[in-house]
Amino acid sequence: MQRILSFYVSLSLAVLFSYSSQAAITPPLNALILTSPGVYHNYEQQTQALALGIAEHVNVRFDVSLAELERWKTTDFAQGYDVLIYNLCMADNQDKALIANLRRQTEQLGIPALVIHCTMHSFRETSLWWPMFGLQTKAHESLKPLAQIQAAPHPILQGIPNDWTVANDELYINLQFEAQTLLSAIGEDTKPHTTAWLTYQGTTPIFGTTLGHSDETLNDPAFGRLIANALLFVTDNLSDRGIAEVTLEPVNDGVNIINTVSAPEGVVFLGEEGMDCAFRQLAIAAGPCYLGCILNPLEWGEETQTCKRSCERKLPSSDEIIGHCAPEA
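Residues numbered from 1 in each chain as written. Predicted model: local features only at pLDDT ≥ 70, side-chain atom pairs only at ≥ 80, totals over all residues. Heavy atoms only, no water.

### Section: empty space enclosed by the protein
Here's step 1: This structure, assessed with the given rule, holds 2 cavities of 30 Å³ or more.
Here's step 2: For the largest cavity, the calculated volume is near 60 Å³.
Here's step 3: For the largest cavity, the full set of lining residues is Met120, Ser122, Phe123, Arg124, Thr126, Trp129, Trp130, Phe133, Gln136, Thr137 and Lys138.
Here's step 4: Here the residues of the lining of the largest cavity are counted per class, giving 5 nonpolar, 4 polar and 2 charged. (1 Å grid on protein atoms, 1.4 Å probe; cavity = no way out; pocket = protein on both sides within 12 Å on 5 of 7 lines; lining within 4 Å. Points joined across faces, edges and corners; volume = space filled by probe spheres on them. Nonpolar A, V, L, I, M, F, W, Y, C, P; charged D, E, K, R; others polar.)

Structure follows, in structure tokens:
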């Protein structure tokens, strides 16, 4: 009897050791972050904060692709990755071939995607980009706290407080929406506008959120949990109870989570100094026009907003500002 018991104990330990070894050698998820030099957002800081926020919950490694338009336009850049994370701002761009190849990575190659904040305002003067992720938006309200409303229980929302208020962010005005709402917030028009959602291209899932403008949001633990949950969900690694697969529990200290940062020659993040330059350029271009819109500082009606939007059409493009303000590589 003792010999039989000893056999089963040994067998159990062997199985446990084998399972632990498999868990230990299971490779992390591979994610590619596509981002921009930054004009309205400090994407250098955001990339770090985004990666760290996800890695607190998931065993994942990142490569970063900075404004590699030719690569994004002409190659199957998503191959070898488990998920694409778009955190970029390309509002002025209308390149049909570029948009088509970005969409191809998910719609034809089947690589799931996360789309964040200004990604939704990219290519906004075309109708070619937003159908991939299901939300059309061209404008946003001013920075302010945004109380989030959960539409219904969902694994992606596990661990997100029911009373979560984002401290300081922009509410993107929904024009057309064809997806499943996860979170929303009430706008100045007293209507709900979706702030986080889920959609599919065929069987390939895509998660989107219009949140993510401010440092406060990127460093908010609830935002990090939301994005991590979404990454696990779209890669089919999140249970119905919102729990990650055991082999994908975080095992790193956040030091070596970004493997590579690639960019075209001469292209760099703007950084703080470059962004200060960009804001000066914008102020010079739009300041006098904005002042002319404010007939009475206590009256900010639709006429004033229409005037301000007219001013914005006179602003230099992001590419022009980046070219003027980019630090030397």
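Text resumes after the structure shown.
### Examining the side chain of Asn174
Here's step 1: Structurally, the position occupied by Asn174 is in the loop between strand S8 (165-169) and strand S9 (176-177).
Here's step 2: Note on Asn174: relative accessible area 18%, which makes it buried.
Here's step 3: Those residues within four positions of Asn174 in sequence are excluded, and the remaining contacts are Leu135, Gln136, His193 and Thr194. (Helix = DSSP H or I, 4+ residues; strand = E, 2+ residues; numbered from the N terminus. Buried < 20%, exposed > 50% of the residue type's maximum accessible area, 1.4 Å probe, protein only. Contact = heavy atoms within 4.5 Å.)

### Some thoughts on the pattern of salt bridges
Here's step 1: Taken as a whole and assessed by the stated rule, the structure comprises 6 salt bridges.
Here's step 2: The salt bridge partner of Arg71 is Glu68, with a shortest N-O separation of 2.7 Å.
Here's step 3: Judged by relative accessible area, which is 25%, Arg71 ranks as partly exposed.
Here's step 4: Notably, a salt bridge pairs Glu107 with Arg103, separated by 2.7 Å at the nearest N-O pair. Residue Glu107 and its partner Arg103 are located together in helix H4 (residues 96-107), separated by 4 residues, close to a single helical turn.
Here's step 5: Under the relative-accessibility criterion, Arg103 is labelled buried at 19%.
Here's step 6: Connected via shared salt-bridge partners are Glu141, Lys144 and Glu188. (Salt bridge = Lys/Arg side-chain N within 4 Å of Asp/Glu carboxyl O.)

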